[in-house]
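Architecture and fold: a report
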Amino acid sequence: MSVGITVENVSKRFRRGERHNSLRDLVGSWLRFGPNMGEGGRAHENDFWALDNVSFDVKPGEAFGLIGPNGAGKSTMLKLLAGIMRPNRGQIKIDGRISALIEVGAGFHPDLTGRENVYLNAAILGMEREEVDRKFDEIVDFAGIGDFLDTPIKRYSSGMYARLGFSVAAHVEPDVLLVDEVLSVGDRVFRTKCLEKMRGFLERGVAVVFVSHDLRAVSAFCDRALVLANGKPAFHGPVTEAVSRYHKACLNSFTADGADEGGLVDVEPIRFMDAGGREKQTFTPGESVTVEFDVKFLHPMVRPSFGLSLIRAEDRMVVFETSSTRMNHVTPPAVEGTRCRVKYDIKLNVQPAEYVVGYHVRDRDSSMYAALEEDARIMVIGGNSCGGVVDLAPHVSVKSLESAPPPSWSKDAGRLVAS
Amino acid sequence: MTAIPNTAGLSAPPLRRISELTRYRELMWMLAWRDIRVRYKHSILGAAWAIIPPASMMLVFTFVFGQVIDVENERLTGSANLPYSLFAFSGLVPWMFFANGLTGAIGSLVSNRPLVTKIYFPREVFPLSAMISAFVDFVIASFVLVVLAVVLHFYPNGWHFHASWTLAYLPIIVLVQIVFMAGLGLLLSMANLFYRDIGFLFRAIIQLWMFSTCVVYQLEATAPWKRTLIQMNPMTPIIRAYRDCLIVGRSPFDQPFAYAAAVATLTLLIGWTWFRRREFEFAENI
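Quick caveat: nothing in here was measured; it's all calculated off a predicted structure. (Residues numbered from 1 in each chain as written. Chains lettered and ligands numbered in written order. Predicted model: local features only at pLDDT ≥ 70, side-chain atom pairs only at ≥ 80, totals over all residues. Heavy atoms only, no water.)

1. Comments concerning the sheet that holds strand S4 (residues 89-94) of chain A
With respect to topology, four strands assemble into an open sheet ordered S2(A)-S1(A)-S4(A)-S1(B), the strand pairing being antiparallel. Each having just a single partner strand, strand S2 (47-58) of chain A together with strand S1 (2-4) of chain B make up the two edges of the open sheet. Across this sheet, the average inter-strand angle for adjacent strands is 25°, counted without regard to direction. Sheet topology note: the S4(A)/S1(B) ladder contains three bridges and is antiparallel. Considered in S1(B), the bridge of Lys93(A) is made with Ala3(B). (Pairing = 2+ DSSP bridges. Helix = DSSP H or I, 4+ residues; strand = E, 2+ residues; numbered from the N terminus. Axes fitted to C-alpha atoms, helices over the stretch in contact; angles between N-to-C directions.)

2. Side note on unusual backbone geometry
Positive phi, close to 50°, is recorded for Ala393(A), a residue that is not glycine. If you trace the backbone, Ala393(A) turns up in the loop between strand S19 (377-380) and helix H9 (411-418). Judged by its relative accessible area of 51%, Ala393(A) falls in the exposed class. You will see that Asp70(B), though not glycine, has its phi angle at about 50°, which is positive. Relative to the helices and strands, Asp70(B) is located in the loop between helix H3 (52-68) and helix H4 (73-77). (Buried < 20%, exposed > 50% of the residue type's maximum accessible area, 1.4 Å probe, protein only.)

3. Here's the deal with the interface of chain A and chain B
With 53 residues of chain A in contact, the opposing surface of chain B contributes 43 residues. Taken together, both faces of the contact between chain A and chain B bury some 4,500 Å²; the carbon and sulfur share is 58%. At the boundary of chain A with chain B, the tally comes to three salt bridges. Between the two partners, chain A and chain B, sit five residue pairs in polar contact (both at pLDDT 80 or more). Each residue belonging to the side of chain A that touches chain B can be placed in one class, and the counts come to 24 nonpolar, 13 polar and 16 charged. (Contact = heavy atoms within 4.5 Å. Buried area = accessible area lost by both parts, 1.4 Å probe. Salt bridge = Lys/Arg side-chain N within 4 Å of Asp/Glu carboxyl O. Polar contact = N/O pair within 3.5 Å; in protein donor to acceptor, adjacent residues only side chain to side chain. Nonpolar A, V, L, I, M, F, W, Y, C, P; charged D, E, K, R; others polar.)

4. A look at the packing of aromatic side chains
The geometry of an aromatic ring pair is captured by the separation of the ring centres together with the interplanar angle, meaning the angle of the planes. Summed over the entire model, instances satisfying the criterion amount to 28 aromatic pairs over all chains. With a centroid separation of 4.6 Å and an interplanar angle of 40°, the aromatic rings of Phe293(A) and Tyr359(A) are classed as tilted. Here Phe293(A), found in strand S13 (residues 288-297), pairs with Tyr359(A), found in strand S17 (residues 353-363); they are 66 residues apart in sequence, far enough to count as distant. Given the relative accessible area of 0%, Phe293(A) is considered buried. Connected via pairs of aromatic rings, a cluster forms that spans Phe61(B), Phe65(B), Tyr84(B), Phe87(B) and Phe211(B). Over the ring of Trp272(B) we find Arg276(B), and its NZ or CZ is 5.1 Å from the ring centre. (Phe/Tyr/Trp six-rings, centres within 6.5 Å; stacked < 30°, edge-to-face > 60°. Lys NZ or Arg CZ within 6 Å of the ring centre and 35° of its normal.)

5. Observations concerning the nonpolar core
Counting 138 residues, the largest nonpolar core has Trp95(B), Phe98(B), Phe121(B) and Trp209(B) as the members making the most contacts within it. Looking at this core, the element that brings in the most residues is helix H5 (residues 84-111) of chain B, giving 15 residues. Ignoring sequence-local partners within four residues, the contact set of Phe98(B) consists of Gln177(B), Phe180(B), Met181(B), Leu184(B), Ile206(B), Trp209(B) and Met235(B). Membership of the second largest hydrophobic core comes to 32 residues, among which are Phe64(A), Ala82(A), Ile94(A) and Val209(A). (Core = buried A, V, L, I, M, F, W, Y, C linked by side-chain atoms within 4.5 Å.)

As structure tokens, then:
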């Protein structure tokens with residue numbers, strides 16, 4: 001049976017800061033001839049594990065998601081899969097030809113024409129020349145750059161550039177496909193085309209590993225997913241559950257700033273109140289709402305900023321987001337152990353739906369960050385007089401511009417119909 | 001089924017590596033072609049720039065040795081009627097291939113950083129393709145060398161060009177030079193990735209290296225005790241071999257040349273082995 005991808009207990013160690021602190025290190029590394037930093041390699045005080053004991057497998061024809069906050073180790077995992085780096089421990093087995101949609105248009109040279117770059121990029125991705133010849137028209141069609149084929153790509157728009165890059169990569173015939181955030185390129189039509197192309201790969205039995213911050217795309221596309229947090233596997237299983245675990249992983253995740261395990265802040269449950277000060281969860285479009293939450297600082301922050309976002313529950317679309325910093329609201333430095341109350345007044349000019357309210361606390365002058373957006377939900381209910389995302393509070397009037405109204409538009413006719 | 005070993009594991013065996021490299025030969029040519037294309041795209045003279053640098057150096061040395069300090073031709077070239085310009089040019093053309101090929105190779109990994117960190121293929125492709133693009137310049141300049149030889153043949157100065165059977169040895173000399181360059185190129189491009197000093201150091205040393213190679217003078221022009229030293233440098237027998245088979249019409253295969261071939265082979269073996277062992281560290285250190 002063919003296996004696609006098997007990742008067994010993979011760990012990857014990186015070193016913070018500069019590589020060589022002393023002449024001894026430098027000379028030592030020069031003399032070192034054998035494999036570096038293996039299991040037996042010297043541990044270093046600045047070492048950290050970018051990936052810690054990660055295992056998963058992807059079967060042919062399966063789409064597997066890798067999600068997690070920034071710095072969780074997703075890109076490192078992809079680089080290990082692509083063979084660019086080697087793990088310090090564990091093993092990776094891959095069945096067949098790998099294609100990586102990690103950076104579209106890698107190796108594109110701005111001075112060369114679109115045509116020349118297609119050949120160059122295809123060679124970089126491991127395609128033979130006659131294979132490119134055969135698929136050339138298809139590649140150009142897919143990218144939709146026909147008229148600009150012989151124009152140097154430095155004159156391309158960024159969208160055209162990305163489309164051409166994606167198109168070349170998508171025409172490699174891989175057995176294993178690694179995708180990193182590339183679907184964010186191009187317009188909506190092109191994104192749909194890309195997803196179709198990737199579904200086609202799945203049908204042909206390609207094993208796909210998909211990394212994205214677009215949770216909607218991940219849950220639409222993948223069957224299973226792995227949630228990474230600080231290099232450790234936090235959850236491994238069905239994609240719907242993984243997405244909800246992702247938010248928990250984001251909670252109190254912070255970057256390499258040295259904050260301890262206890263988290264940065266304690267946040268009291270968020271409260272929603274209507275104009276009359278009554279606490280409730282259900283509102284109507286256009287209603288004024290006060291959002292309130294209490295924050296207890298477990299770490300000092302120089303310039304804390306408090307953010308709020310409204311996310312449609314059904315498809316996780318961010319409908320609205322802001323923060324005190326963005327609104328130029330100056331906040332005093334936070335002393336460890338003190339508490340403060342954050343209050344946002346908003347007008348719910350949104351369509352009826354269920355919404356998740358996300359809120360975060362971060363320090364503007366460092367990268368400390370804590371966010372939570374899982375359990376706070378509100379419902380907006382009301383008539384379905386309009387669609388889309390927001391409620392623009394429309395008023396409508398229709399008036400004929402003809403001096404003599406056509407018969408069918410006459411008031412009499414209207415009355416006739418109405419009666 | 002490919003297994004990606006961890007850092008304690010071994011690299012792919014050389015034979016499998018060679019077959020992998022041949023799969024990517026297309027890419028090697030494409031990258032070389034890209035370099036050439038881009039190098040001459042915005043220049044008016046275009047490929048003439050492959051000829052101008054060795055030609056101008058030849059003129060400089062002809063002027064300095066012939067006019068400024070007036071060195072006897074026989075002492076410089078080993079023959080009373082061999083024109084110095086041809087002597088110098090025949091050394092400068094392969095030397096420029098050496099110097100330019102290595103200069104390109106040394107920076108090749110660093111300048112292709114996005115590819116090194118994002119996409120996998122055998123990393124040897126970068127230094128090797130840099131050398132291919134220098135090789136193209138070498139071929140163009142070689143044509144000019146032939147033209148110069150023919151012109152001087154008809155020029156009444158007592159020297160005549162003898163097209164000789166020794167020309168058949170030329171490919172072997174080129175091969176030895178390429179083997180030596182490939183070994184050095186792999187080593188130095190890798191070293192430059194870890195320590196950028198290597199690139200600066202090389203640029204400082206390459207001029208000195210040229211003068212300690214018999215590029216613009218013959219070995220016999222130096223004091224005997226210096227000859228041994230100069231011949232330790234494998235480029236000396238290689239440049240000399242070019243002249244022997246192209247101009248002098250003498251078999252180029254002597255003991256120093258065998259030594260140069262041995263050093264070249266050893267350099268390639270060491271360079272390539274080392275390169276393959278540390279290749280997987282490139283992306284995290286670049």
